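Residues per chain, in single letters:
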Amino acid sequence: MAVGQSAAHAAGILNLMRGVSYPAYTPWFQLHIGEPGANGTANQSSVTTRKSPVFAAPNSGVMAAPAISWSDWAGANEVITHVSVWDAETGGNFKQSAALDPQKTVESSDQLNITPSMTPGPIATSS
């Protein structure tokens, strides 16, 4: 699979169910013009600044944040197709990636806004 959780991140989450701690982290989003790959480093956008959303507390299995923005494509037009999530503003550890839907073509004077939301999967409900 070209997008999803890194193997280390998946192991950390699974280990929580064994009583093994997994450190909390602040997520930092990176833009990509193609699939980020298993290490999250492939196909980076020309705008390499990572942005950190400010998530609200989870509600009904969803955690959302206000929009985060990027600009300054320095004359290059790109199609932003994916984001990767890291645990640091620079360097750090790749955590996961996802495809954007829809993809966004950006031009030199554009600003790209992404409103992130995260969910672990379906939430069981009573019938």
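Each chain has its residues counted from 1, running along the sequence as written. Reporting of local features is limited, given that this is a predicted model, to residues whose pLDDT is at least 70; pairs of side-chain atoms are given and counted only at 80 or more, and all residues count toward the totals for whole chains, interfaces and linings. Each side-chain value is derived from all of the structure's non-hydrogen atoms; neither hydrogens nor water enter the calculation.

## Structural notes on the overall build of the protein
To keep things clear, this is the line we draw: Counting from the N terminus, the helices are DSSP H or I runs at least four residues long and the strands are E runs at least two residues long. Throughout this description, buried means an accessible area under 20% of the type-specific maximum (1.4 Å probe, protein chains only), exposed means over 50%, and partly exposed covers the range between. The contact rule is simple, with two residues in contact once any of their heavy atoms fall within 4.5 Å. In short, Shrake-Rupley with a 1.4 Å probe defines the accessible areas, and a residue's cover is counted only from the protein chains shown. Neither His nor the chain ends is counted toward charge; the positive residues are Lys and Arg and the negative residues Asp and Glu. Just so you know, the charge point we use is NZ for Lys, CZ for Arg, CG for Asp and CD for Glu.
A count of helical and extended segments in the protein gives one helix and seven strands. Counting from the amino terminus, helix and strand elements in the protein follow one another as α-β-β-β-β-β-β-β. Principal-axis analysis of the C-alpha atoms places the extent of the protein at approximately 50 × 35 × 25 Å. Across the 127 residues in the protein, those meeting the buried criterion constitute 31%. Residue pairs in contact within the protein that sit at least 24 positions apart in sequence constitute 68% of those at least 6 positions apart. Working note: accessible area of the protein is about 7,700 Å², and carbon and sulfur atoms make up 53% of it. Taken together, the 5 basic and 8 acidic charged side chains of the protein have centroids lying 12 Å from each other.

## Section: the packing of aromatic side chains
Two measures describe an aromatic ring pair: the distance that separates the ring centres and the angle between the ring planes. This is how it is decided: Only centres within 6.5 Å qualify two rings of Phe, Tyr or Trp (six-membered ring in Trp) as a pair; their planes then separate them into stacked at under 30 degrees, edge-to-face at over 60, and tilted for everything else. Think of it as a cone above the ring: NZ of Lys or CZ of Arg counts as a charge over the ring if it is within 6 Å of the ring centre and within 35 degrees of the ring normal.
Going through the model one piece at a time under the given rule, you end up with one aromatic pair. The interplanar angle of 55° and the centroid separation of 5.6 Å between the aromatic rings of Trp 86 and Phe 94 together place this pair among those described as tilted. Across this residue pair, the class does not change: Trp 86 and Phe 94 are buried. A cation over an aromatic ring shows up here: Arg 50 above the ring of Trp 86, its NZ or CZ 4.2 Å from the ring centre. Sitting over the ring of Tyr 25, Lys 95 keeps its end group 4.8 Å from the ring centre.

## Some thoughts on the side chain of Ser 6
Among the structural elements, Ser 6 can be located in the segment before helix 1 (7-16). Beyond its immediate stretch of four places on either side in the chain, Ser 6 contacts Phe 94, Lys 95 and Gln 96.

## Focus on the sheet that holds strand 4 (residues 78-86)
Selection criterion: We call two strands paired when DSSP finds no fewer than two bridges between them. Each axis is a line fitted through C-alpha atoms, taken for helices only over the stretch in contact, and angles between the N-to-C directions span 0 to 180 degrees.
Taken in spatial order, the three strands make up an open sheet running 1-4-5, and their pairing is antiparallel. Edge positions in the sheet fall to strand 1 (28-32) and strand 5 (94-106), since each of these pairs with one other strand and no more. Looking at each pair of strands side by side, their axes are set apart by 25° on average, direction ignored. Sheet topology places strand 4 next to strand 5; eight bridges connect them, and they run antiparallel.

## Notes on the pattern of salt bridges
What counts, and what does not: In the sections that follow, a salt bridge refers to a side-chain nitrogen of Lys or Arg positioned within 4 Å of a carboxyl oxygen of Asp or Glu.
Enumeration according to the criterion identifies one salt bridge in this entry. As a salt-bridge pair, Lys 95 and Asp 87 come within 3.9 Å of each other at their nearest N and O atoms.

## A few points about the side chain of Ser 97
Relative to the elements of secondary structure, Ser 97 occurs in strand 5. Discounting chain neighbours no more than four positions away, the residues touching Ser 97 are Ala 2, Val 3, Gly 4, Pro 36, Val 83 and Ser 84.

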